[in-house]
Every structure is written in C-alpha cells, then in structure tokens.
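# Coordinate analysis (summary)
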Amino acid sequence: MAQVIDEAAVKVLKDKHLRVTPQRQIVLHYLMTHHNHPDVGTMFDELKPVHQGLSLATIYNTLNTLVETGIVIELENGDAGTHYDYFGRPHFHAVCQNCGKITDIFYDDFANLESAAVKQSGYMITEDHIELYGYCPDCQRKLGLTPDAK
C-alpha cells in the first residue's frame, strides 16, 4: 500500500473503492484541510514546493477522479475558472457577486431540504448543490452597502 499521508483521506478513498495513491492523498488532504475553494493553479502553487513530483496534469486527473466519485464537487464563481471543494459534510455555498469569494454555509437541517424536495416533487434526488448569491462583508463595506460604510 502507498505511504499514508492522511488517515482520514485514506478512509475516504477506500470507502469509495479508489486505489490509495500518494497523489490522491495529497490532493484530498489539501481539500479536506483548506476551505479556500481553490482552482487547480492555486492548488499547484501551494503543493508544488512541498511535493516536487506533483504535476499540474496529476492534479487535474486526480480532481477529475475525485469529482466523478462524488468526494469533491466543482464550483463556478463567475471568474471563468473551476474551483473545488471537499464535500465530506453536507453544506451549501454563498458566492459573492462582486469578488467571487465562496463561503461554506453549514446548516444543521440540510438533510431535511432533500427529503422535502423529494416529498414536494416526487423526484429521486441523486445529488444536490445549493448556491446563494450576494455580497460578502468586505464587498458590502467597499461598495457602501452597509449602514456603517457611510
């Protein structure tokens, strides 16, 4: 077996019946421990100094595998790039319409949203992804959208 970099990442990979490789562990560990919703370039820039053997192509291929198995989701934030998020704990996202910042929103009743959708629509829900759009606190201040910005 490959060297264990992160036990939690190994468990997630095994649970999805994926071969445990150092590259998959590195990429998944990064996403599990960083909530910055990175694009591939950001991941490469941050991982390359520590993992010299990790190429841009390897990161792309690894992310594609993790997305295909539902471990990671792709996010669009209006900057024409794709960002990635580990979806270990169900949550939704708030996306800033000004700067593109993506923030995780954890909601204790998240599971009930899906069951309510099934009950109301009769759909068999196979996946979910909820995004809310607005202005982050920094942009609210910059744009004068808060009472204290005046």
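Parameters and conventions
Residues numbered from 1 in each chain as written. Predicted model: local features only at pLDDT ≥ 70, side-chain atom pairs only at ≥ 80, totals over all residues. Heavy atoms only, no water. Axes fitted to C-alpha atoms, helices over the stretch in contact; angles between N-to-C directions. Helix = DSSP H or I, 4+ residues; strand = E, 2+ residues; numbered from the N terminus. Parallel < 35°, antiparallel > 145°, perpendicular 65-115°, else oblique. Contact = heavy atoms within 4.5 Å. Nonpolar A, V, L, I, M, F, W, Y, C, P; charged D, E, K, R; others polar. Patch = residues over 30% accessible without salt bridge, like charges linked within 9 Å, V, L, I, M, F, W, Y side chains within 5 Å. Areas by Shrake-Rupley, 256 points an atom, 1.4 Å probe, with all protein chains shown as cover. Salt bridge = Lys/Arg side-chain N within 4 Å of Asp/Glu carboxyl O. Buried < 20%, exposed > 50% of the residue type's maximum accessible area, 1.4 Å probe, protein only. Left-handed = near helix turned anticlockwise from the far one by under 90°.

### Re the packing of helix 2 (residues 22-33) against helix 4 (residues 56-68)
Direction vectors running N to C along helix 2 and helix 4 enclose 75°, while the axes themselves pass 10 Å from each other. By the angle between their directions, the pair helix 2 and helix 4 is classed as roughly perpendicular. Contact residues: helix 2 offers Q23, R24, V27, L28 and L31, while helix 4 offers T58, I59, T62, L63, T65 and L66. Class assignment of the residues belonging to the contact of helix 2 with helix 4 gives a composition of 6 nonpolar, 4 polar and 1 charged.

### Concerning a nonpolar patch on the surface
On the surface, Y135, L143 and L145 cluster together into a nonpolar patch covering about 280 Å² of accessible area. With respect to the helices and strands, the residue L143 is situated in the segment after helix 6 (137-142). On the basis of relative accessibility, which here comes to 42%, the residue L143 falls in the partly exposed class.

### Let's talk about the packing of helix 3 (residues 40-47) against helix 4
At a minimum axis separation of 10 Å, helix 3 and helix 4 run at an interaxial angle of 125°. In terms of orientation, helix 3 and helix 4 fall into the oblique class. Helix 4 is crossed by helix 3, and the crossing has right-handed handedness. On the side of helix 3, the interface is formed by V40, M43, F44 and L47, while helix 4 contributes L56, I59, Y60 and L63. Split by residue class, the contact of helix 3 with helix 4 holds 8 nonpolar, no polar and no charged.

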